Amino acid sequence: MKCKLCKKEARINLRSYNLKLCNACFIEFFKKRVRETTEKFKMCSLKDVICLAASGGKDSFALWDVLHKLGYETSGLFIDLGIDGYSRLCREKVVAFSQKTNLPLKIVDIKDELGYSIREVARRANKVPCSICGMVKRYIMNRETGAFDCLATGHTLDDEASVALGNILQWQTGYLERQYPVLQENQSLKKKIKPFTFTFEKEIKLYAQIAEIEYVKEKCPFSANATSLLYKKAFDILEERMPHIKLSFYKKLVKKRFFIPEEEVKLRPCRRCGYLTVDEVCNFCKLKEKLSSSSGSR
Ligand code: SF4
Ligand code: ZN
């Protein structure tokens, strides 16, 4: 098997592109796709300073690594959710990556923010951890991006395609419209970018291996029952039979932007913190109130 680009021995077979590559050409191919994605959607420029949401997993590390190698100025942000052994492991890996690459990092601990771990926050709020966690992370990431030009997250093609599939199956048209590779700044809401939006997870894994990036392989213990995993599996079965279906499905969705609601949702600043929200008080401030009233009663 020969590399299609340099004719040396190929080690990688990208079925979705019908492309065989050697390791060195794969790395260049990978970087090129990220650069083209950031340029196509005008995500960021080399003058920008990017806040990078680092979780400890392969996707965010690979993104941090590749953006840095493409010449972007980046600074990491890690949110410690206080999940038993898992968060400690993630924190250690993120700190080690930042030290090895000499890239700045900020850590926000949820126990400093809300007084409890995410498990305990969810218990006191009578919610499942993931629904609280998503909202809390979005809030903190947005706030911490304040001094930066944008927030970059490691959402992959697999994430985006499976979320879109779930939204279509449930006819969540409002969510579909907001699902886009870049969300522009809107008053207190900072610009958000997803440079891996057209990059397969398995390619990210290969990149991380070749670039010798150490990451946490365990999944968050709360992720086991996530329906998003079911949609991902469904897509993987389709992709087995129809290589390219994931990419073409998601590319077409992005291109057409089918589901634009007739009326924009009216957002206004939260009365407590100024974060844009649909209600008078944002969900984060409501959660804080709930936790402070529950702390006396338990
Ligand atoms: Fe948070 Fe749920 Fe993801 Fe774990 S799986 S990090 S609890 S959203
Ligand atoms: Zn608020």
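In this text the structure is predicted, and so the values were computed from the model without any measurement.

Enquirer: It is not clear to me how the nonpolar core should be interpreted in this structure. Could you clarify?
Expert: Counting 57 residues, the largest nonpolar core has Leu21, Phe26, Phe30, Val66, Leu67, Phe196 and Tyr207 as the members making the most contacts within it. The contact partners of Leu21, leaving out residues within four places of it in the chain, are Cys3, Leu5, Ala10, Arg11, Ile12, Leu14, Phe26 and Phe29. In terms of nonpolar packing, the next biggest core, distinct from the first, is built from 34 residues, Met141, Phe148, Leu189 and Cys270 among them.

Enquirer: Teacher, can you tell me more about the site of ligand 1 here?
Expert: As a structural note, the neighbourhood of ligand 1 is formed by Leu81, Cys130, Cys133, Lys137, Cys220, Phe222 and Ser223. By residue class, the composition of the shell around ligand 1 is five nonpolar, one polar and one charged.

Enquirer: Whenever I open this one, the coordination of the zinc ion (ligand 2) confuses me. Can you help?
Expert: Under perfect tetrahedral coordination by four donors, a metal shows angles of 109.5 degrees; under perfect octahedral coordination by six donors, it shows angles of 90 or 180 degrees. At the metal site, the zinc ion (ligand 2) is ligated by Cys270 (SG), Cys273 (SG), Cys282 (SG) and Cys285 (SG), and these contacts range over 2.3 Å. What makes Cys285 buried here is its relative accessible area of 10%.

Enquirer: Looking at this structure, I do not really get the packing of helix H2 (residues 58–69) against helix H9 (residues 201–210). What am I missing?
Expert: When two helices pack together, their arrangement is given by the angle between their axes and by how far apart the axes lie. Direction vectors running N to C along H2 and H9 enclose 65°, while the axes themselves pass 9 Å from each other. Taken as axis vectors, H2 and H9 run roughly perpendicular relative to one another. The way H2 lies across H9 gives a crossing that is left-handed. Packed against H2, whose contacting residues are Lys58, Asp59, Ala62, Asp65, Val66 and Lys69, the element H9 presents Glu201, Ile204, Lys205, Tyr207 and Ala208 at the interface. Grouping the amino acids of the contact of H2 with H9 by side-chain chemistry returns five nonpolar, no polar and six charged.

Enquirer: In this structure, what is going on with the sheet that holds strand E4 (residues 73–80)? I would like to understand it.
Expert: Two orientations exist for strands paired in a sheet by backbone hydrogen bonds: parallel and antiparallel. One open sheet holds the six strands; their spatial order is E5-E4-E3-E6-E8-E7, and the pairing between them is mixed. Of all the strands in the sheet, the pair left with one neighbour each is strand E5 (105–109) and strand E7 (182–183). As paired strands, strand E3 (residues 49–53) and E4 are joined by five bridges and run parallel to one another. When the sheet's bridge partners are listed, Leu52 is paired in E4 with Gly76. Across the sheet, H2 touches E3, E4, E5 and strand E6 (150–152), and the angle it forms with E3 is around 160°.

Enquirer: Which parts of the structure should I look at to understand the environment of Cys51?
Expert: Looking at the element boundaries, Cys51 is found in strand E3. The exposure class of Cys51 is buried, given its relative accessible area of 2%. Apart from residues no more than four positions distant in its own chain, Cys51 is found in contact with Ser75, Leu77, Glu144, Thr145, Phe148, Cys150, Leu151 and Ala152.

Enquirer: Sorry if this is basic, but what is going on with the pairing of E4 here?
Expert: A regular strand places its side chains on the two faces of the sheet in alternate fashion. With seven of eight residues buried, E4 lies mostly within the body of the structure. You can see the chain leave E3, run along H2 and come back into E4, and the turn it takes is right-handed. Looking at chain direction, E4 and E5 are connected through five bridges and run parallel. Residue pairing across strands places Asp80 opposite Asp109, the latter belonging to E5. Taking the sense of rotation as the criterion, the β-α-β connection linking E4, helix H3 (residues 84–101) and E5 turns out right-handed.

The rules we used
Residues numbered from 1 in each chain as written. Chains lettered and ligands numbered in written order. Predicted model: local features only at pLDDT ≥ 70, side-chain atom pairs only at ≥ 80, totals over all residues. Heavy atoms only, no water. Core = buried A, V, L, I, M, F, W, Y, C linked by side-chain atoms within 4.5 Å. Buried < 20%, exposed > 50% of the residue type's maximum accessible area, 1.4 Å probe, protein only. Contact = heavy atoms within 4.5 Å. Near = heavy atom within 4 Å. Nonpolar A, V, L, I, M, F, W, Y, C, P; charged D, E, K, R; others polar. Donors = N, O, S within 2.8 Å, 3.2 Å for Na, K, Ca; no water. Axes fitted to C-alpha atoms, helices over the stretch in contact; angles between N-to-C directions. Helix = DSSP H or I, 4+ residues; strand = E, 2+ residues; numbered from the N terminus. Parallel < 35°, antiparallel > 145°, perpendicular 65-115°, else oblique. Left-handed = near helix turned anticlockwise from the far one by under 90°. Pairing = 2+ DSSP bridges. Right-handed = clockwise from strand over helix to strand, strands pointing away.

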